[in-house]
Amino acid sequence: MSALTNDQIEELITKSLDAREFSYSPYSKFRVGAALRSVDGKIFQGCNVENASYGGAICAERTAFVKAVSEGHLRFVAIAVSCDFNHYITPCGICRQFMNEFGKNLEIFFVNDDRTYKRAILADLLPYAFGPEILPGK
Ligand SMILES: O=c1ccn([C@H]2C[C@H](O)[C@@H](CO)O2)c(=O)[nH]1
Ligand SMILES: [Zn+2]
């Protein structure tokens, strides 16, 4: 069961699909969009941003998180992710670790081109995670 209403899920899906528009992906030609909902209902969109130094690429999920955190938001309910293939895209390992910093109960919607989706919780995608609770001072 999702913490979001069906309308909220549909809104997140639309914003995730729309976010692909600004994908900067001249190398992979793989356009990814994400939409992240904070606990106070704000939605932050992100796309993947690649680099001539290939390893410098930033995924859509992290773009959305960095936008949100840099504007003072630290608590999130859900993120939707989409690519422009007939595929349910799942976040890469770096993004799973990155997102874990902000809570293991985050809902993740993997959105297909036709708006159908699959849903998971971050804790299921990153079991036995290394997280901030392990470090002193947290
Ligand atoms: O969940 C994912 C998986 C991949 N990518 C990007 C990284 C790179 O720009 C391109 C191909 O890996 O897709 C994302 O943005 N999110
Ligand atoms: Zn990633």
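Residues numbered from 1 in each chain as written. Chains lettered and ligands numbered in written order. Predicted model: local features only at pLDDT ≥ 70, side-chain atom pairs only at ≥ 80, totals over all residues. Heavy atoms only, no water.

**What about the UniProt feature "binding site: substrate" (unreviewed entry) in the chain?**
Per the UniProt record, "binding site: substrate" (unreviewed entry) is found at Asn-48, Val-49, Glu-50, Asn-51, Ala-52, Ser-53 and Tyr-54. With respect to the helices and strands, Val-49 occurs in the loop between strand S2 (43–47) and helix H2 (60–69). Among the residues examined, Val-49 registers a relative accessible area of 33% and is labelled partly exposed. If near-sequence neighbours (up to four positions away) are discounted, Val-49 is found in contact with Tyr-24, Gly-56, Ala-57, Ile-58 and Thr-63. By the element assignment, Ala-52 lies in the loop between S2 and H2. The exposure class of Ala-52 is exposed, given its relative accessible area of 59%. (UniProt positions renumbered as here; feature names shortened; annotations may be inferred. Helix = DSSP H or I, 4+ residues; strand = E, 2+ residues; numbered from the N terminus. Buried < 20%, exposed > 50% of the residue type's maximum accessible area, 1.4 Å probe, protein only. Contact = heavy atoms within 4.5 Å.)

**Considering the pairing of S2**
Judged by how many residues are buried, S2 sits mostly within the fold: 4 of 5 residues are covered. The turn joining strand S1 (residues 32–38) and S2, which pair antiparallel and follow one another in sequence, is formed by 4 residues; a positive phi near 85 degrees is taken by Gly-41. (Pairing = 2+ DSSP bridges.)

**Points about the site of ligand 1**
By nearness alone, every residue bordering ligand 1 is listed as Ser-28, Phe-30, Val-32, Asn-48, Glu-50, Cys-59, Ala-60, Glu-61, Ile-89, Thr-90, Pro-91 and Cys-92. Here an oxygen atom of ligand 1 sits 2.9 Å away from a polar atom, N or O, in the main chain of Ala-60. At 2.6 Å from an oxygen atom of ligand 1 is found a side-chain nitrogen or oxygen belonging to Glu-61. Burial of ligand 1 by the protein amounts to 79% of the accessible area it has alone, namely 370 Å². Partitioned by chemical class, the residues of the shell around ligand 1 number 7 nonpolar, 3 polar and 2 charged. (Near = heavy atom within 4 Å. Polar contact = N/O pair within 3.5 Å; in protein donor to acceptor, adjacent residues only side chain to side chain. Areas by Shrake-Rupley, 256 points an atom, 1.4 Å probe, with all protein chains shown as cover. Nonpolar A, V, L, I, M, F, W, Y, C, P; charged D, E, K, R; others polar.)

**Here's the deal with the environment of Glu-133**
Residue placement: Glu-133 occurs in the segment after helix H4 (122–125). Taking the relative accessible area as the measure of exposure, Glu-133 reaches 51% and is therefore exposed.

**Details of the coordination of the zinc ion (ligand 2)**
Around the zinc ion (ligand 2), the protein contributes the donor atoms Cys-59 (SG), Cys-92 (SG) and Cys-95 (SG), which lie 2.2 to 2.3 Å from the metal centre. Coordination of the zinc ion (ligand 2) draws on donor residues from a single chain, spaced C-x32-C-x2-C in sequence. Of this pair, Cys-59 sits in the loop between S2 and H2 while Cys-95 sits in helix H3 (residues 93–100), and the two are 36 residues apart along the sequence. On the accessibility criterion, Cys-59 (21% relative accessible area) is partly exposed. (Donors = N, O, S within 2.8 Å, 3.2 Å for Na, K, Ca; no water.)

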